[in-house]
2 protein chains.
Amino acid sequence: MRGLMQDWPLLCHRLIDHAAIYHSGREIVSRSVEGPIHRTNYARLRERALACAKRLDAGGIRAGDRVATLAWNTWRHMEVWYGLLGIGALYHTVNPRLFEEQIAWIVNDAEDRIVMADLTFVPLLEKLRDRLRSVERFVVLTDAAHMPETALDAVPYEEWLAEADSDFAWRALEENAAAGLCYTSGTTGHPKGVVYSHRSNVLHALTCNAPDMLGVKSGDRVMPVVPMFHANAWSLAFTGPMSGAAMVMPGPKMDGASLYELLDAERVTFTAAVPTVWLMLLRHLEETGRGLPHLRRVVIGGSACPRSMTERFQERYGVEVVHAWGMTEMSPLGTLCSLLPEHEGLSAEERLDIQVKQGRPPFGVEMKITDDEGRPLPWDGRTFGRLKVRGPAVARAYFKAEDEQILDPEGFFDTGDVAHVDANGFMQITDRAKDVIKSGGEWISTIELENLAVGHPDVAEAAVIGVPHPKWDERPLLVVVARKEAQPTRDSLLDFIRPQVAGWWVPDDVVFVEEIPHTATGKIQKSALRAAFRDYRLPTA
Amino acid sequence: MRGLMQDWPLLCHRLIDHAAIYHSGREIVSRSVEGPIHRTNYARLRERALACAKRLDAGGIRAGDRVATLAWNTWRHMEVWYGLLGIGALYHTVNPRLFEEQIAWIVNDAEDRIVMADLTFVPLLEKLRDRLRSVERFVVLTDAAHMPETALDAVPYEEWLAEADSDFAWRALEENAAAGLCYTSGTTGHPKGVVYSHRSNVLHALTCNAPDMLGVKSGDRVMPVVPMFHANAWSLAFTGPMSGAAMVMPGPKMDGASLYELLDAERVTFTAAVPTVWLMLLRHLEETGRGLPHLRRVVIGGSACPRSMTERFQERYGVEVVHAWGMTEMSPLGTLCSLLPEHEGLSAEERLDIQVKQGRPPFGVEMKITDDEGRPLPWDGRTFGRLKVRGPAVARAYFKAEDEQILDPEGFFDTGDVAHVDANGFMQITDRAKDVIKSGGEWISTIELENLAVGHPDVAEAAVIGVPHPKWDERPLLVVVARKEAQPTRDSLLDFIRPQVAGWWVPDDVVFVEEIPHTATGKIQKSALRAAFRDYRLPTA
Ligand SMILES: Nc1ncnc2c1ncn2[C@@H]1O[C@H](COP(=O)(O)O)[C@@H](O)[C@H]1O
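From a predicted model like this one, the values you see are computed outputs, not experimental measurements. (Residues numbered from 1 in each chain as written. Chains lettered and ligands numbered in written order. Predicted model: local features only at pLDDT ≥ 70, side-chain atom pairs only at ≥ 80, totals over all residues. Heavy atoms only, no water.)

S.K.: Would you mind going over the site of the ligand with me for this structure?
M.R.: Residue and element names in this part refer to chain B. Near the ligand lie 14 residues; those nearest to it are Ala324, Thr328, Asp417, Arg432 and Lys523. Gln358 places a polar side-chain atom, nitrogen or oxygen, 2.8 Å from a nitrogen atom of the ligand. For the ligand, an oxygen atom lies 2.6 Å from a polar atom in the side chain of Arg432. In isolation the ligand exposes 490 Å². Once the protein is present, 90% of that is buried. Top contributing element to the shell around the ligand by residue count: strand β14 (residues 320-326), with four residues. Split by residue class, the shell around the ligand holds four nonpolar, seven polar and three charged. (Near = heavy atom within 4 Å. Polar contact = N/O pair within 3.5 Å; in protein donor to acceptor, adjacent residues only side chain to side chain. Areas by Shrake-Rupley, 256 points an atom, 1.4 Å probe, with all protein chains shown as cover. Helix = DSSP H or I, 4+ residues; strand = E, 2+ residues; numbered from the N terminus. Nonpolar A, V, L, I, M, F, W, Y, C, P; charged D, E, K, R; others polar.)

S.K.: I'm lost on the side chain of Ser439 of chain B in this one. Help?
M.R.: Position of Ser439 of chain B among the secondary structure elements: in strand β20 (residues 437-439). Apart from residues lying up to four places away in sequence, Ser439 of chain B is in contact with Ile444, Trp472, Glu474 and Arg475 of chain B. (Contact = heavy atoms within 4.5 Å.)

S.K.: Can you help me understand the nonpolar core in this one?
M.R.: Soluble globular proteins tend to pack their nonpolar side chains together in the buried interior. The biggest cluster of nonpolar side chains holds 299 residues, and the ones touching the most others in it are Trp278 and Phe313 of chain A together with Trp278 and Phe313 of chain B. Leaving out residues up to four positions away in the same chain, Phe313 of chain B has contacts with Trp278, Leu281, Leu282, Leu292, Val298, Ile300, Gly318, Val319 and Val321 of chain B. (Core = buried A, V, L, I, M, F, W, Y, C linked by side-chain atoms within 4.5 Å. Buried < 20%, exposed > 50% of the residue type's maximum accessible area, 1.4 Å probe, protein only.)

S.K.: What's the story with helix α2 (residues 42-58) of chain B in this structure? I'm lost.
M.R.: Within an α-helix, residues lying three or four positions from one another point in the same direction, as the helix has 3.6 residues per turn. All names here are of chain B. End to end, α2 covers 24 Å across 17 residues, agreeing with the expected 24 Å (1.5 Å per residue, within 8%). For α2, the set of buried residues is Tyr42, Leu45, Ala49, Leu50, Ala51, Cys52, Ala53, Arg55 and Leu56. For α2, the N-terminal cap is Asn41; the gap from its side-chain oxygen to the backbone nitrogen of Ala43 is 3.1 Å. Once α2 finishes, Gly60 follows within two positions and takes phi at roughly 90 degrees, a positive value. (Expected span 1.5 Å × (residues − 1).)

S.K.: Which parts of the structure should I look at to understand the packing of aromatic side chains?
M.R.: The geometry of two aromatic rings is summed up by the distance between their centres and the angle between their planes. What the rule picks out here adds up to 30 aromatic pairs over all chains. Ring centres of Phe384 of chain B and Trp443 of chain B lie 6.3 Å apart, and the angle between their planes is 35 degrees; this geometry places the pair in the tilted category. Residue Phe384 of chain B is located in the loop between β16 (366-370) and β17 (385-390), and its partner Trp443 of chain B is located in strand β21 (residues 442-444); the two are separated by 59 residues in the primary sequence. You'll find Phe384 of chain B and Trp443 of chain B in the same group, each marked buried. By way of ring pairs, the aromatic residues Trp81, Tyr82, Tyr91 and Phe238 of chain A are connected into one cluster. Positioned over the ring face of Phe412 of chain A is Lys368 of chain A, at 4.4 Å from the centre of the ring. (Phe/Tyr/Trp six-rings, centres within 6.5 Å; stacked < 30°, edge-to-face > 60°. Lys NZ or Arg CZ within 6 Å of the ring centre and 35° of its normal.)

In structure tokens, the structure reads:
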């Protein structure tokens, strides 16, 4: 027997409709790529998204077609997203920080028909032009006045858009229709495309904006610093319109001073980004002595949020930190670390002990941890294993690889992360599965060791990798970038770590380097480090 | 092209799974029908719901079967809901306040196989027994010690439940499977059954719990005074587990003193009920001089929330009021009146001007107002018309009447309410379509006139109905119950109303009565009033 409720598909463009009707005048403020601050609102943004849809349609873009965006967070990028969504085409966000090779490979793999790019990326596209086989046209997200001389077959967005009016009706779609495409920056092999559906995006926005999770309200002024090309800007380009919140889009400038300027002038109440961004902001605040009187909440994820960062935001600036974990394959949010009633009355230190964890999932994400054979492990806050997830906004296959089984027999996706979970369901990442060190059959968490190492006052950055060992298979090696002027020694560091971990976790050696390699998304590139130290001979070997 | 995200159906029992995992120890406190306060938690409630599912299954209840509940809000009622949901059977909530005839008709129409009833309703069922053709067995929601002598083929729930353990897996279901059945208390004709689906219930819980809407968090202690048999308790039996909030279930006692006792002893932070319930509470507070230090938010709906009630809660007791509107066919919530950033800085009086409105819809409810011919009317806060709605938790047909078209050509359901909407999308009910008075082709809102009339200090309750008029078709008649000791006159009331409305809105006459008839759900029964005054001769006729 079936329910007798209406068939109302969950479609992304219904979010902008809702915003345009019930929050029509709410601002979208952007730092434009051209420079000046630009202001619009949801009603106008929807009008222009409709025109964009009509223009795309007139240009022969059809449901299922892919259109690449190489763009910062601005109102134009949002318009393009909703315009594409409204005709069933896919927004394919390309991360401009990838290597040129990878960008070309991705655009070709996606078979993008149009590339919509910010001015910033015109030189890059000129270089890549000849390698982009499927691209029929380039649209530069600017107006005629700012259009550069270029050899590309390119038009300025504003002129292109002006060829259509907004008298257009969104196309009828079913909710499982593809909505967006985003490639994961795999460290080995070719990048893999994740194909979001309208349903998964809408459900992700709904579940992750629970009052205890992101909790964005119409009274918020939301600044997504995390780029739209970085896994849907953690859904904020959907959550904002859904909640009727004002949006503050930082455009191309993500240094501390530029972000502070927007936080302050635009009275931002809610923001989100990776830890490196917040390091720059905190440094700027320290240098200028300014505060954050408007900001209510900051979401920090993408890599582990250091305890000291949470402490600084909370104790010094009165801003609540929500540590979050996710991945491209999860739309991307998987867990958020918001406290429970059980935690009331904790001291600031005890709160921080919880907040270093990645948190608990919203309704709509199921989690388990297993050993290498897939057997479930206990949730005791200590035992760590492979973290696997299931839910309506979790990938079941990659683009052009629908037949490759990536789920376990129970339908769970292996995140590639290693984690433990406590009795309250708070998950903490202890490693990447491929980084975890297997010493004599037991696992050692490289992330935990790194966190301890950076706690030493002489250490600027630290990485731990496993290097081959004749007896134990692998043993940990600590790789350190020392702070300027500081002169840490092998023994000073190991003595610092020793009392804090089990004896067999203590690294077998320490090496000092000028620099640690990073991926395009700012994560430590352990594969490169491992390659560099493959033949390193440990003193214990 | 389809998205490549997981197929994860939206199923109601996933809500209790989520609660049992991430909020296992959170309390469900109930005033039991037997008397004492009972305490359990989500983990145990889920265990028992699993046992209930297993027991139902062993008893031959299959997916699609209907099981009636005649029960107050208690932990046992919740267990039964989730147990039924978990095997794909339907919880059919029967409103015990209906006339006996109607109850018998409804149970027969639903073809309920089991009736699960509180002790309170055993005498009622004994009377109805012979007329309930489909019922195979009665389960009394109590234990053996409290089981009364009865001629019914009845077992106590606890003994029945003990025949199964909780080693059971929820049945696999698709999300459009029927989940629940609730009949609307139509004032004419037979009641009509609304069939909720798993999907509609889950989406309704998600959308209505947006941070700006219900906004229930894990730190809340939620007391649904609105009964589960009244349109899903406004979704709180789903929203609570989804959010991990503690639940406080008032059982059979909904008088002011009993509710106050729970609000106070259980530190309730969030509650919801119809205005009549709150009148009793406010009276109790006044008589006892007590306050509401724990309560943060009260949702008031089901009929219009008087301005004075909102004012009392907010100004005197510091409790935020959220006025809400909905109906059985909407799962039930349609709009909630939470304020926008635009409203910041308003005076208390100006806020109240907005809060008398029924509010704006969450994402997932679309609204329009039209004239009798279905043409859309402007949203100017004055022009009123038929209110129509569309969304994933809105009915498309009634039970056993799937082929009867109840939606307009655009797929909107006619709520039977008459309303205007302002430029911010705030809707205000001005009448029921069948109650609105059509005087010379123009509409007069009976609710607006009633609200004005009850503003007169001598008036206890007021109703306005249209009575036949030779020239104008219909003209308004004001029916009044005077306050004890007060002696209002026709002229004193009309003089009070006259300066506040257009001349042609002023009622043609006033009659004083001892009592105004009410429906089973506490609404003024205008059809009965109209019948009583059908032959009334207006002085103007
Ligand atoms: N806040 C409210 N103000 C005025 N009428 C309301 C309100 N909430 C519900 N109603 C009325 O109750 C009807 C639904 O009744 P029911 O289906 O029994 O819940 C609606 O169509 C409205 O006429």
